[in-house]
Every structure is written in structure tokens, then in C-alpha cells.
Amino acid sequence: MGMDREVCNKKDTALTICTHAFSDLTSVSPVVFLYLLKECYIHGSCKATKKFRALQQNVHQVLDNSPQPGPATFVIQCLHVLPIFGLYSEGFSHLIISALRRYLKLAPIISEDVLQAKGMAAQLFIDIVGGLVDHDEKVAVKLLEAFDVRLTDIDEAIQRLKAQNDNRFDTAKTFVEEYVFRLVEAQSYMTAVTLLEQFSMHNSGKPFLLKMMENRQSQAAEKWATFMGKPMLCVLVQEYTQRNMLKHAYETIKKNNLQADFPEVYHKCKESLLKKLAEKALWDLAEAKTHGDRQLVEYLVYLALEAGYLEKVDELCGRYSLEGFLKGKELEASPPLGRYLQPSELAVEDITWVDEVDGLRSAVCHIERCKLVGLDCEWKPNYVKGSKPNKVSIMQLASDKTVFIFDLIKLYEDAPDILDNCLTRILQSPSVLKLGYNFQCDIKQLAQSYGELKCFKHFEMLLDIQNVFKEPRGGLSGLAMKLLGAGLNKTRRNSNWEERPLSRNQLEYAALDAAVLIHIFHHIRNHPQPTGIPEGNENFEWKSHIVSHMVNPKIPKKGPKSKKAQGVKSQ
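Here we summarise the structure given alongside this text.

Moving on to the overall build of the chain. For the chain, the helix and strand inventory stands at 26 helices and seven strands. When contacts within the chain are restricted to residue pairs at least 6 apart in sequence, those whose partners lie at least 24 apart make up 71%. Put simply, the chain shows about 28,400 Å² of open surface, and 50% of that area lies on carbon and sulfur atoms.

See the structure below:
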């Protein structure tokens, strides 16, 4: 066979036998051929993948060495006897089939050998399915594809069997359908779909499709429906809809341009998507997903009404000239749609916007006199997957009655050194306890946004409220509801925090996120046994969760451009 010494580093005798035997295949039987192939593989010194490829190349080449009665029929004969080689059977089957396919690509015309092998391949497929030849389904499929076996070839093989009084099978179509049903029962869905494609059985699709759906094999069902065409795709959409798999229905409708066939389902799916985005406060993304469709925009307005996001109602109504909706001010006078904390309930008397150096210095002097501050950050979400996240836009620092909101973007542009010095005095002060919720997220984002500032390189005296309570669900709003009797309105969480000026509602939202931490801390201090701590653990101390010194491990080496992070803040 002339195997490369790097692949088959065999004994001299084995090499001589192989070279002689494969130089002329006229008198070499399939069994001897496979035995020598096995010897080459066993004595090869390279890794399995490399040996396999080298053997594949050599088998392709030796098919020119007069195998009898021809290369294609010789391969079929080899496949008949390969199961006796046990563990080598499957691998060698794929090897010689792939080698033959390469060989046939170079054949100028379809020879008598190939036509004869095609009939033999049909018979071998029947024997594999009938259990007379022990090959797995993958080999069976490769066999059909390599010899382009069709239903007519299977039917001719069945007729030859009947002529020999073998009446096990009725028709080729019935034979293949029964085998496909067995594959579906065994959950070999992709193989079943491949066989239906191979035999172009377009009228047998629905039972198989329903079977796949029953077994939650939507990928195989979609592949089959796509092959079958529009009627089967419509059946698939109907099945998705009935099973409330609206996301799958929407993707199928969109991918195959079936909007006109399922207008109600399409809008229902879109509305479901908008609702999920609204629940995550991704209002800008939700609006983009409407593509200006008036019906969907109106639905988004209703979602904003339901969430109490009144400025979004006014914004959408103005942008799309919608009528029949109450204005935000009128809605504010009506009964509230939900119970949310208000600044007055948290004793917030003043919300101060800080975007100039004098205001920054004044705010820092005030905060340095406090023993306790709530800290939070906001940034504009980035909806483009894989793109660089936006800079932290604002930082909120809350004392008992005042919340300062720092415009980090402007202060960094105008006076980075002064900003750095002022924030260092707060963030690295051992005498001011800083409260946060999910601190790691804010710290990471700050470092990525302003990596050149030393104030974000390490922090002193931190208490992450999330670590104290370990609330499994609800986040900061859920914790506030549990402890203070009302939650936080999170509808503005993912709004555009780079917009200037921020709206009154955005300012109040930002202030509440920092101020509520002060009140939750007072609850912790007054109730040393927080809700959720198992009984009998009286030694629990919230002080044990204070981090006296934290070095930020996320500082980029070359500024904020060298790191990427999640663009949407979760709280």
C-alpha cells in the first residue's frame, strides 16, 4: 500500500506484505484487504486522527490498482464483511466510504461498476435495516449518500428478493417509512430527517413532524419542515403556537416570510417579546423591535402605562402621533398602578446634580462628614452583542437626607485630576462606610470606564447588602418590598443615562437606588437576625460582611478600551 513511514511504522515483514498486496488488488479479497488495513492502523505511531486521514488518502489511491470486480463493488463487498472486525468496523466503514467518494469525484463517467454497486448498496441497506448485517444507522446513511441510492433502487432490490421467495417487505416506501418510525421511536431524529430527505418522501412528513414535536425535538422538526416546504412550515408554526412556544413560532415565521399567513400569531409573538423586554426595563430596545408598527407601538404604550412609566407614555405618543391616551400629568393624578417607594418616604429632602468642580468639592466635604453613605451607579445599556459597553454615566452618593448625583462623564472630561482626588477621599476613606448592592458589578464597570483614575483601584470600608441577605429573587426592589413594605419602580433602570438633562423621574430613580440602602442598613442594625437566616444562628453579625479593604482586580492594563463587559446593569 506504500503507507508513509510516519503513519505506519511497521515491521519490515508487514510492510513488505502490504506493499506487495496493495500494488495489485486483482487477487486480493475484501477480507485480506481489510486485515492488512487493520495492521497498518495498529502499527501506526501517529495519533488516531492523522492515521485515519493518511489511510483514507492511501485507500483512495489504491482503488486504481484493479480491485475486482471494480472499485465501487469492491467497497460494497468490504462493507458486507467489515462487522467481523468488531471495534474497527464503524471507523473503517466511514474510512473506505469517504475514500470511494473522493475516488468517484474524479471518475469521468458513470461506469458499469458504479451502477452495479448502486444496486448492491440498496441491498446492503436492506440487510442493515433488517438486521442481517451489523452496521449502525450512521453507516447506513453514508452508504445511501455515497451511492445516491433512491426509492427506485430499494424497490428493485425488494423485487429481486420477492423473486427468491423472500416476501418480508411490501414496497420500498413502506419499508423506509417503517424504518424512519423506528428511528423516531429511538429518538434518532436527525437521521430520520436525513433519510426522508434522501428519498424525497414529501408526503410522509406530518406524522414524523408531530412525533418530533411530541418529543421536544424542535431542531429536527424545523429541518424537516424546511425541507418539505411551506405547507409543512405552516404546520410547524401551528404546532408551536398550540404549545405556546411563541419564540419558536416567531423565528419560523420571520425566517420563512410567513407574516402574511399568520398575522395574528406574528403580532402575538411580537407582543410576547415586547412584554419580556418591558419586564426587563429594556424600553428602547422594545421600541426598536416594533419597527414603527402602529399596533405594536400602541401595545408598548399599554405596557408603559401598566408599569407606571408615564414619561415613556408621553414620549411614544408624541413620537408616533398616538391619540386616545391620557397624558402623563393626568395619569399622575389618577390612582397609582403599583405601590412604589417615593423620595419623601426615605426622608430624601434634596437631590443635587453635580457636574461642576465647585459642586463636586462641596459634595465631597458633605459626604466626608458622614459615617454612612449609599452608593450606586448607572450607565446606558448597550444592546449590540459583543460590542464595547458604555461608560458609567452617573454615580449616586446618598447621606441620610441628601443624594448627590455626580455626572462622571462631564467631570472626567473637564477635570479628571480633581475628580480622581475627590472620589479617592470618599471611596478609600476608612471612616466612611459605603453601602452598595451587587457591588462587584459597579466596581467592575467603573474600572472599565475610568481605568486611569486611581480612585477606582481599591476601596475601603464596603458593605454589600446583597451578601448580607442573599435574596434569591427580586433584587434590591424585592428586598425593599420585604423589609420596607414597598419596592422600587425599576422601569427606568435601562433608560438612556447619557441624556442631558436627565428627567425628573430618572433623577428620582437614581436617588432612590442609593437612599434605600441607608434605610435597609438601619433595618439590619435594628434587627440583628435578618429574615432568611435559619433559626438557631444567633451569632450572625452583619459586621462580618464589611470588607475593610478591596483591591479591584478588573483594572485594565491599557485603559478602559482593553476590556469588555456586560452592557446592561442587573439589579
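Attention shifts here to the sheet that holds strand β6 (residues 458-464). What links the strands of a sheet is backbone hydrogen bonding, and the strands pair in either a parallel or an antiparallel sense. Reading across the sheet, the seven strands line up as β1-β4-β3-β2-β5-β6-β7 and stay open at both edges, with mixed pairing between neighbours. One side of each edge strand has no neighbouring strand; the edge strands of this open sheet are β1 (350-354) and β7 (546-551). When strand polarity is set aside, the average angle formed by the axes of neighbouring strands in this sheet is 30 degrees. Pairing geometry for β6 and β7, over five bridges, is antiparallel. Each residue of the ladder has a partner; that of His458, found in β7, is Val551.

The next subject is the packing of aromatic side chains. For the structure on display, the rule yields 14 aromatic pairs. Seen in terms of ring centroids, Phe33 and Phe74 are 5.3 Å apart; in terms of plane orientation they differ by 85 degrees. Their pairing is edge-to-face. Within this pair, whereas Phe33 is found in helix α2 (residues 30-43), its partner Phe74 is found in helix α4 (residues 71-81), the two being separated by 41 residues in sequence. Phe33 sits in the buried class, given a relative accessible area of 1%. By relative accessible area, which is 1% here, Phe74 ends up buried. Both rings, one in Tyr41 and one in Phe92, keep their centres 6.0 Å apart while their planes meet at 80 degrees; by these two values the pair is edge-to-face. Note that Tyr41 is positioned in helix α2 and Phe92 in helix α5 (residues 89-105), a separation of 51 residues in sequence. Owing to a relative accessible area of 21%, Tyr41 belongs among the partly exposed residues under this scheme. Taking relative accessible area as the criterion, Phe92 reaches 4% and is therefore assigned buried. Here the aromatic cluster, defined as three or more aromatic residues joined through ring pairs, consists of Phe125, Phe169, Phe175, Tyr179 and Phe199.

Bringing the pattern of salt bridges into the picture now. All chains considered together, the criterion is met by 20 salt bridges. For Lys312, the salt bridge is made with Asp284, and the minimal N-O distance between the two is 3.4 Å. A residue pair is termed long-range when its members are at least 10 positions apart, and Lys312 in helix α18 (residues 310-320) and Asp284 in helix α16 (residues 283-290) qualify at 28 residues. Under the relative-accessibility criterion, Lys312 is labelled buried at 3%.

Here we come to helix α20 (residues 357-368). Taking 1.5 Å of rise per residue, 12 residues should cover 16 Å, and α20 covers 16 Å from first to last C-alpha, within 8% of that figure. For α20, the complete set of buried residues consists of Leu360, Ala363, Val364 and Ile367. Seen along its axis, α20 keeps its buried residues to an arc of 100 degrees; they face one direction. Check the buried side of α20 and you find it contacts β1, β2 (372-379), β3 (392-398), β4 (402-407), α21 (408-414) and α22 (416-427).

A few words on unusual backbone geometry. A cis amide bond links Gln68 to the next residue, Pro69, at an omega of 0 degrees. With an omega dihedral of -5 degrees, the bond running from Arg500 to Pro501 counts as a cis peptide bond. Within the chain, Ser321 stands out as a residue other than glycine whose phi angle is a positive 55 degrees. Mapped onto the elements, Ser321 comes out in the loop between α18 and α19 (328-333). Phi at Met461 takes a positive value of approximately 55 degrees, unusual for a residue other than glycine.

Let's shift gears to the nonpolar core. Counting 88 residues, the largest nonpolar core has Phe33, Phe125, Phe147 and Ile154 as its most contacted members. Residue contributions to this core peak at eight residues, all from helix α6 (residues 112-129). When sequence neighbours within four positions are dropped, the list of residues in contact with Phe147 reads Ala72, Ile76, Leu100, Ala117, Lys118 and Ala121. Ile394, Leu435, Val516 and Ile524 belong to the second-largest nonpolar core, a separate cluster that totals 36 residues.

The rules behind each value
Residues numbered from 1 in each chain as written. Predicted model: local features only at pLDDT ≥ 70, side-chain atom pairs only at ≥ 80, totals over all residues. Heavy atoms only, no water. Helix = DSSP H or I, 4+ residues; strand = E, 2+ residues; numbered from the N terminus. Contact = heavy atoms within 4.5 Å. Areas by Shrake-Rupley, 256 points an atom, 1.4 Å probe, with all protein chains shown as cover. Pairing = 2+ DSSP bridges. Axes fitted to C-alpha atoms, helices over the stretch in contact; angles between N-to-C directions. Phe/Tyr/Trp six-rings, centres within 6.5 Å; stacked < 30°, edge-to-face > 60°. Buried < 20%, exposed > 50% of the residue type's maximum accessible area, 1.4 Å probe, protein only. Salt bridge = Lys/Arg side-chain N within 4 Å of Asp/Glu carboxyl O. Expected span 1.5 Å × (residues − 1). Arc of directions from axis to C-beta. Core = buried A, V, L, I, M, F, W, Y, C linked by side-chain atoms within 4.5 Å.

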